[in-house]
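# Breakdown of the fold
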Amino acid sequence: MKPTDTSNPDYFHKVVDCQWACPAHTDVPEYIRLIAQGRFSDAYIENRKSNVFPGILGRVCDRPCEPACRRRRVEDTPVAICRLKRVAADHRDDIRDRLPQAASRNNGKRVALIGAGCASLTVANDLRPLGYEITIFEALDATGGLMRSNIPRFRLPPKVLDEEIDYILDMGVDLKLNHRIDSMRELLDEGFDAVFVGTGAPRGKNLEIPGRYDSDNIHIGIEWLESVAFDHIDSIGKNVLIIGVGNTAMDCCRTSLRLGANDVKVMARKPRGFFKASDWELEDAEEENVEILVNHSPKNFLIEKGKLVGMTFELMEYKIDEAGRIDRGTVTGEKVIPCDDVILAIGQDNAFPWIERDIGIEFNEWECPIVDEETMMCGRDGVFFGGDSAFGPKNIIWAVAHGHEAAISIHKYCQNESLQDRLPVGVNLASQKMGMHEWSYSNDYDPAARRLMPHVDLKERFKKLDIEVELGFTIEQTIQEVERCLNCDIQTVFAAKLCIECDACIDICPVNCLTITENGDEADLRARLSAPAENHDQALYVSDDLPHTSRVMVKDEDLCVHCGLCAERCPTGAWDMQKSTVLIPYATDEAADEQLQPAAPAA
Amino acid sequence: MSYIRKPAVSHPKLARNKLGLTARDYEGTVSTLCAGCGHDSVTAAIIRAVFELNIEPHMLAKMSGIGCSSKTPAYFVSQSHGFNSVHGRMPSVTTGASAANRTLTYIGVSGDGDSLSIGVGQFVHAIRRNLNMCYIIENNGVYGLTKGQFSASADIGSKPKKGLPNQQEPIDAVSTALSLGATYIARGFSGDKEQLIPLIQGALMHDGFALVDVISPCVTFNDHEGSTKSYKHTRQFYHHVVDADFVPPAEEIRAAYKEGSAMPIELHDGSKIVLRKIDQNYDPTSRARSFKFLRDHVNAGEITTGLLYINEERKEMHDLMGNIDTPLSEYPLEKLHPGNGELKKILSRYR
């Protein structure tokens, strides 16, 4: 193999699995270290830089970082990254003077944001400091988009939501609530310099089977959740069936329990392992005694005398092949399950009935606009998309990531710069050696197991709809959990020319990730390292030829616990532990200094 | 030295031996030697060798004297027996231990100072007795613990970090052992574990005195330009003459060897050592020719490595003396101690 090109910023970024997996690339190990030092406000600000809503995401993020966490490969469970984010948010001081400031004067450019959800708010957050005038159009009576309408209050308290949204609105945003945009053409005629669409994927999928329209007790999940959120619905029948096992289904079943249902069943068409819901949301629902019935495919609704009395399901059997793929299944029988209400939570679609089809915005077969994945601009210049409205339903953290990219594009578009000519991602490396045997980070491997989130008592929590179930980590739990982080951003950096091939690093490495050997191609090298290197998603770090024998040092990045013992035992400093800081450009980085003139602090 | 503990975490797919143990189970405490010391690498090779031989930790005894080298038994197989003796006296303590219990596997770790200076008398007599042990010399040519004075194995002309080059004739452990009639003589290099591990395995399984002289650079006092025991010098003048593959008992020889180049030698327990001659002029079973070959290469400044001499014919100490197999601690006291009457009878025979 050729020597690894560590000057490519992606190389060390990928080693930080959590940060790489996060669409917004939050610097997870850095903020966990700040929490470990009790610097909660600093940790909050570090989070906010990239993900804008740490308090919200610390509760309801989809957490792509956690399945990616290296700790999960070394032992079983990942670091409770999301819970720690909430710790930073819960314990922060008043940080308002550290937030981005609106520019002292506007730059004369007007940007319209449609929808007051996380994508639009991120765009506003990034563009106000540059002096853009922002107008947000929101169809509902409140901000927050799905964060408010679809996520139940027992998971995300309105106070948390309001606080973080206000941080952005306080920069001076023209917010027009109850202002549904019915025509894109008309909006474009108003002469905005750019328009951003962050309207989400607002249409819940329907289930066209017999009996669907014969009862008022059949609801569409996201619409029903919205009605509950805005107090239009405050009760439900005793026996409720939820169709679908995604995260919306989990919110529906748990909300039902709080509105008077006492028997809630989640009906899954496929077996476990093929559910769309996140593991932790399934766990939380099952803790509340929600029953999940697998292999039940809906056939029809049973209506007696105009009243919904149950549903008929086909019982399914599936074959799963060696690659883990499931077949279409065969029907082995039928079963009737009685119920009073049914909630359909089988997915969401994009819907843009308000965008005319002759104004240069093109749509694909799924009603998704055709949007450039880098610039977030659609076929019509000056119109940008982000969040679920861009590429279909994803999650909050993706919407934030889209918002950041769209903000850069809007800025460049308004300044007549090329949208493609963006600042590249960079990486900075800094040695963490403090003295003979001193490193700047806590590198001792703590074998403690993942801490479990304490919950409100099972009886207590159902008394009201807005009792937040998760209590947040205690200080003791936080102290333990931060030490579980492996500090993957403290990189092992190798200088071949200094190596004397004494084997000290290889002998001390607790997880056998180092080998000095003759070079070969990747498949060959992977087969003859100190320990099997079977995870092909993780790179081999191959050095230049070593000076004494022309062999190479090979490091399998897969299981490195970043303990620093290789550097500690290296007599020549060929190994060093260096902190990698991934430099992600935002709109403010793209702006010239004179465009960034924060308002003078209020006297 | 390091202050960081080696984390208890290990690779989830770490290999297990026949006892169900991983190599990590054969570790000791973290080394307090200088970072980059050759001795740590030898320790790692010993761990690997013992792990692969499926030796039960409680059936191993680690013996040592004084010196950097003699600290190393603390760094491997924590669950075994051990004795850290007086400077240079490891061979006689091992003789005593072995006399009392010949069922243990004895591994002695010594250095060039411990074996070739203060303990040279002990060293030669252990060979003469053909004491059944694996005797490792971690050879770096200097006294590391006393800050780098030349030892008895320093080569003529080798330069110290400060001061004048060495003028005195070195004692070569390998030639010495060969002249004294040792039955298993090998030389390795701490920087070449692929060669070293089977050499140690053969030495552990050999019946009789097995010497493994390991060039093990002192990274602090003897790894500079002009030193003849540095990593760089050793690699440059490395002359690999015979490779040895260790094949455990009841296992077939699986590797493919070229006709005429491989020479299997069966050990007493049924295991085999397959010698692979890299230098065709070398015959590791002829004491006389080996001696000449080694001296010629010493004179040429080359470091001859590999399994240099093996003799499976000579009896080890216990067999020479006709000793019993049972450890004395397990032997009934009445048999061990014949009683006053019997003793008097025996003594009367010499009056």
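Residues numbered from 1 in each chain as written. Chains lettered and ligands numbered in written order. Predicted model: local features only at pLDDT ≥ 70, side-chain atom pairs only at ≥ 80, totals over all residues.

### A closer look at the packing of helix α3 (residues 28–36) of chain A against helix α8 (residues 81–90) of chain A
Residues and elements named next belong to chain A.
- Between α3 and α8, the shortest axis-to-axis distance is 10 Å and the interhelical angle comes to 50°. Classified by the interaxial angle, the pair formed by α3 and α8 is oblique. Regarding α3 and α8, the two cross each other, and that crossing is left-handed. From α3, V28, Y31, I32 and I35 reach across to α8, where they touch I81, L84, V87 and A88.
- Classifying every residue of the contact of α3 with α8 by side-chain character gives eight nonpolar, no polar and no charged. (Axes fitted to C-alpha atoms, helices over the stretch in contact; angles between N-to-C directions. Helix = DSSP H or I, 4+ residues; strand = E, 2+ residues; numbered from the N terminus. Parallel < 35°, antiparallel > 145°, perpendicular 65-115°, else oblique. Left-handed = near helix turned anticlockwise from the far one by under 90°. Contact = placed C-beta atoms within 7 Å. Nonpolar A, V, L, I, M, F, W, Y, C, P; charged D, E, K, R; others polar.)

### Re the interface of chain A and chain B
- Residue-level contacts link 28 residues of chain A with 25 residues of chain B.
- Among the secondary structure elements, those contributing two or more residues to the side of chain A that touches chain B are α19 (504–508) and α21 (565–568) of chain A.
- The element best represented in the side of chain A that touches chain B is α19 of chain A, accounting for three residues.
- Split into classes, the residues belonging to the side of chain A that touches chain B amount to 17 nonpolar, five polar and six charged.

### Description of the sheet that holds strand β4 (residues 194–197) of chain A
Residue and element names in this part refer to chain A.
- Across the sheet, which stays open at both edges, the five strands sit in the order β3-β2-β1-β4-β15 with parallel pairing between neighbours. Strands with a single pairing partner mark the edges of an open sheet, and in this sheet they are β3 (174–176) and β15 (383–385). For this sheet the average axis-to-axis angle between neighbouring strands, irrespective of direction, equals 20°.
- Packed on one face of the sheet, helix α17 (residues 396–414) meets β1 (110–114), β4 and β15 and runs near 165° to β4. (Pairing = 2+ DSSP bridges.)

### Digging into unusual backbone geometry
- For N512 of chain A, which is not a glycine, the phi torsion comes out positive at approximately 50°.
- Topologically, N512 of chain A is positioned in the loop between α19 and β20 (514–517).
- By the C-beta count within 10 Å, which is 21 here, N512 of chain A ends up buried.
- With a phi angle near 55°, N130 of chain B is a residue other than glycine that sits in the positive phi range.
- Along the chain, N130 of chain B turns up in the loop between α5 (120–129) and β4 (133–139). (Buried ≥ 20, exposed ≤ 12 C-beta atoms within 10 Å, placed from the backbone.)

By themselves, these figures tell us nothing about what the structure is for.
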